[in-house]
Amino acid sequence: MALWLKSKGHSVYERNVWPTGQVAVGVVVQVLAGMLSDSPLLKGRRWPAIIVMQAGSLFGTIILAAWNVPDNLKYVAYYFSYFCAGVPGPYYAWYSDLIPHDHEMRGFIIAASNMFSYIMSIWYTIAVWRTADAPRFKPGFIAASVLGVAMISLTLILRLLQRKDEKSRARQVEPVEDVEAPAAGTASLEIETFARKS
């Protein structure tokens, strides 16, 4: 946004201050998404919040990829493009629901996701957000739009797989035991056995 403001002849103050509103939008959306996903409204479901945040960013990036729009709409699009800043929080929280009985796998997936996000930021920024393309950044906004569609698609696929897994678990006759926590009877039996040996 700052390079676009510079190309429009805005002051240094405006170029420094106005883009901070984008970060503020990201913070507010992230806090609201966390509160709403845990509220009675969404009842712990993370995927609707993820889709809304990603759809907001998709709206902004599509407008900016088109570029030939009124300046007021560009301002709105720049601010909307930061809706997705809060997506990692609900995604990481959703992993507990997606993989409830395997702590090691959940830890691995969270670590792999975090690693993948850092790897993406290393090459993605250099490849598609080159300052030579400023202020239009056509490859960047197109890539961001494609990744936005991919993220929404991934969220919907994960939701379908989660629903399938929940139905499969509900059909099982015997309850699935947490692989980390010992059964209640087993723990008391181990304590009694230890006490008798002493």
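As a convention, each chain's residues are numbered from 1 in the sequence order in which they are written. Local features are withheld for residues below a pLDDT of 70 in this predicted model, meaning they are given only at 70 or higher, and side-chain atom pairs are given and counted only at 80 or more; totals for whole chains, interfaces and linings count all residues. Hydrogens and water molecules were not included; the side-chain quantities draw on all heavy atoms of the structure.

**Digging into helix α5 (residues 71-80)**
Each full turn of the α-helix corresponds to 3.6 residues, which orients residues three or four apart in the same direction. For the exposure calls, accessible area comes from a 1.4 Å probe over protein chains only, and a residue counts as buried if that area is under 20% of its type's maximum, exposed if over 50%, partly exposed in between. In DSSP terms, a helix is any run of H or I states spanning at least four residues, a strand is any run of E spanning at least two, and both are numbered starting from the N terminus. Listed as buried for α5 are Lys74, Tyr75, Ala77 and Tyr78. With its buried residues spanning 165° around the axis, α5 presents them on a single face. When checking whether two residues touch, look at their non-hydrogen atoms; a contact exists if any pair is within 4.5 Å. Looking at the packing, one finds that the buried side of α5 touches α1 (2-7), α3 (20-37), α4 (47-66) and α8 (138-171). It is the directions from the helix axis to the C-beta atoms that the arc portrays.

**Quick word on the layout of surface pockets**
Gaps left between atoms show up when a probe the size of a water molecule is rolled over them. Residues are said to line a cavity or pocket when one of their atoms sits within 4 Å of a point; the points come from a 1 Å grid over protein atoms alone, cavities being sets where a 1.4 Å probe fits but cannot get out and pockets being open sets with protein on both sides within 12 Å along at least five of seven lines. Grid points are joined across faces, edges and corners, and a volume is the space filled by probe spheres set on the points. As a volume, the largest pocket reaches approximately 1600 Å³. Taken together, 44 residues make up the lining of the largest pocket; nearest its centre are Gln54, Cys84, Ser117, Leu147 and Met151. Elements supplying a minimum of two residues to the lining of the largest pocket: α1, α4, α6 (88-98), α7 (103-128) and α8. No other element matches α8, which puts 11 residues into the lining of the largest pocket. When its residues are assigned to classes, the lining of the largest pocket shows 31 nonpolar, 12 polar and 1 charged. Under the scheme applied, nonpolar residues are Ala, Val, Leu, Ile, Met, Phe, Trp, Tyr, Cys and Pro; charged residues are Asp, Glu, Lys and Arg; polar residues are all the others, including Gly.

**Observations concerning the packing of α4 against α8**
Orientation of α4 relative to α8, taken along the N-to-C sense of each, is 160°, at an axis distance of 8 Å. What the angle tells us is that α4 and α8 run roughly antiparallel. As α4 packs across α8, the resulting crossing turns out to be left-handed. Residue-level inspection shows Trp47, Ile50, Ile51, Gln54, Ala55, Leu58, Thr61, Ile62, Leu64 and Ala65 of α4 in contact with α8, the latter providing Phe141, Ile142, Ala144, Ser145, Gly148, Val149, Met151, Ile152, Thr155, Leu156 and Arg159. Here the residues of the contact of α4 with α8 sort into 15 nonpolar, 5 polar and 1 charged. To obtain an axis, a line is fitted to C-alpha atoms, over the contacting stretch when the element is a helix, and the angle between two such axes runs from 0 to 180 degrees between their N-to-C directions. Orientation categories follow fixed angle ranges, with anything under 35 degrees roughly parallel, anything over 145 roughly antiparallel, 65 to 115 roughly perpendicular, and all other angles oblique. Each helix crossing is assigned a hand: it is left-handed if the near helix lies turned anticlockwise from the far helix by less than a right angle, otherwise right-handed if that turn is clockwise.

**A few points about the packing of α6 against α7**
For the pair α6 and α7, the least separation of the axes is 10 Å and the interaxial angle reads 155°. Of the possible angle classes, the one that applies to α6 and α7 is roughly antiparallel. Pair α6 / α7 crosses with right-handed handedness. Residues Tyr92, Tyr95 and Ser96 of α6 form the contact with α7, whose participating residues are Arg106, Ile109, Ile110, Ser113 and Asn114. Its residues assigned to classes, the contact of α6 with α7 comprises 4 nonpolar, 3 polar and 1 charged.

**A look at the environment of Gly34**
Position of Gly34 relative to the elements: it lies in helix α3. Assessed through its relative accessible area of 28%, Gly34 is described here as partly exposed. Sequence separation of Gly34 and Ala93 is 59 residues, and the distance between their C-alpha atoms is 9.3 Å.

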